[in-house]
Amino acid sequence: MKNPGKYQISNQDTISTVIKRAGGYTENAYVFSSSIFKKKLIEQETILNEELYNNFIKMIAFGSTSFMDPILFSSVLQEFKNIKSYGRAVAEFDLQVIDNDPSIDMLVDDGDVINVPKFNSNVLVYGQVNKPSAVKYIEGQDVESYIKDVGGFNNLADRRSVIIIQPNGQLVSDSKGRIMLSSDSVDIYPGSLIFVPNQVVYQDSRIEFLGSIAPIFSSLALSIASLNSIN
C-alpha cells in the first residue's frame, strides 16, 4: 500500500475502505497474494488444532494401532507441534472485483492486520521432498515438475495427497480435501505453496486414519502459507 501504517476503524470498515484510506496499491503490489490476519480467528484455530490432537490421541487409545508405523506416529505428533495459528482469512482484495460485488468486501475488526506483499516470482515447495525450498515460477509448469525441481519426493511422501495453496491462501482440493497430481486442471501461480504430506502406512484402517489426520497436514500447510505471506 502507498501509505502503510495503523488506522482507526469503525464498525462499517471493510478491506476496500481501509485499502483506499491507505492510498491504494503501489505499482509492484501483488494483490492476488494479499492477506488479512484476524485476531478472532487465532483462538478458533487454536481450539480446532487442540480438538484434532485430542481426537487423534483418542483414536490411538481406543482403536487398533497395528496398522500404524511408529515412525509415522512420531511424525504426526511432530506435525502438531509445528502448527501455529495465524488467523489468516481468505478474502478478495481486487478493488474492481469488490466494486462489482460489494457483498464480498470483508469487514475489518480491531486488531486485524492486512498485508500486501510485493510480487513474488517463486513457488514454495515444502514437506516430504528431498530439498524443500522456493523455486522459480515457470508459466504453465505443473505440480510434478515443481516437485522434481526440489529433488523429487522422499521416501515418506504421500504422492496422492499433495496440498496446493494459492497465493491468496485458498486451499485447492478435490471433494475429499485432496489434490491429485494427475489432475490437469490445477493452475500454479507465482507465490503458490505446494505441500507434500507424510505417507500413511496402513493395513485395513487407512481410509479412516487418513480422514482423521488430513486436517493436521492442511493446517500445517496453511500455517506455512501464512508465514510465507508475512515474510
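Only a predicted model underlies this, so the values are computations on that prediction, with no experimental measurement involved.

Draft legend 1. Region of the structure containing the side chain of D105. Structurally, D105 can be placed in the loop between α4 (95–100) and β3 (113–115). For the buried D105, no salt bridge is present, and the opposite-charge side chain at shortest range is K20, 6.9 Å distant. A distance of 3.4 Å separates a polar side-chain atom of D105 from the backbone nitrogen of I15. The residues touching D105, leaving out its near neighbours within four places in the chain, are T14, I15, S16 and I98.

Draft legend 2. The arrangement of the sheet that holds strand β5 (residues 133–136) in detail. If you trace the five strands from one edge of the open sheet to the other, you get β5-β4-β8-β6-β7, paired in mixed fashion. Both outer strands of the open sheet, β5 and β7 (171–172), are each paired with one neighbouring strand and no more. Relative to strand β8 (residues 193–196), strand β6 (residues 163–165) runs antiparallel, the two being bridged by three bridges. In the strand pairing of β8, I164 is matched with I194.

Basis of the calculations
Residues numbered from 1 in each chain as written. Predicted model: local features only at pLDDT ≥ 70, side-chain atom pairs only at ≥ 80, totals over all residues. Heavy atoms only, no water. Helix = DSSP H or I, 4+ residues; strand = E, 2+ residues; numbered from the N terminus. Buried < 20%, exposed > 50% of the residue type's maximum accessible area, 1.4 Å probe, protein only. Lys, Arg positive; Asp, Glu negative; His and termini not counted. Salt bridge = Lys/Arg side-chain N within 4 Å of Asp/Glu carboxyl O. Polar contact = N/O pair within 3.5 Å; in protein donor to acceptor, adjacent residues only side chain to side chain. Contact = heavy atoms within 4.5 Å. Pairing = 2+ DSSP bridges.

These values are about where atoms sit, not about what they do.
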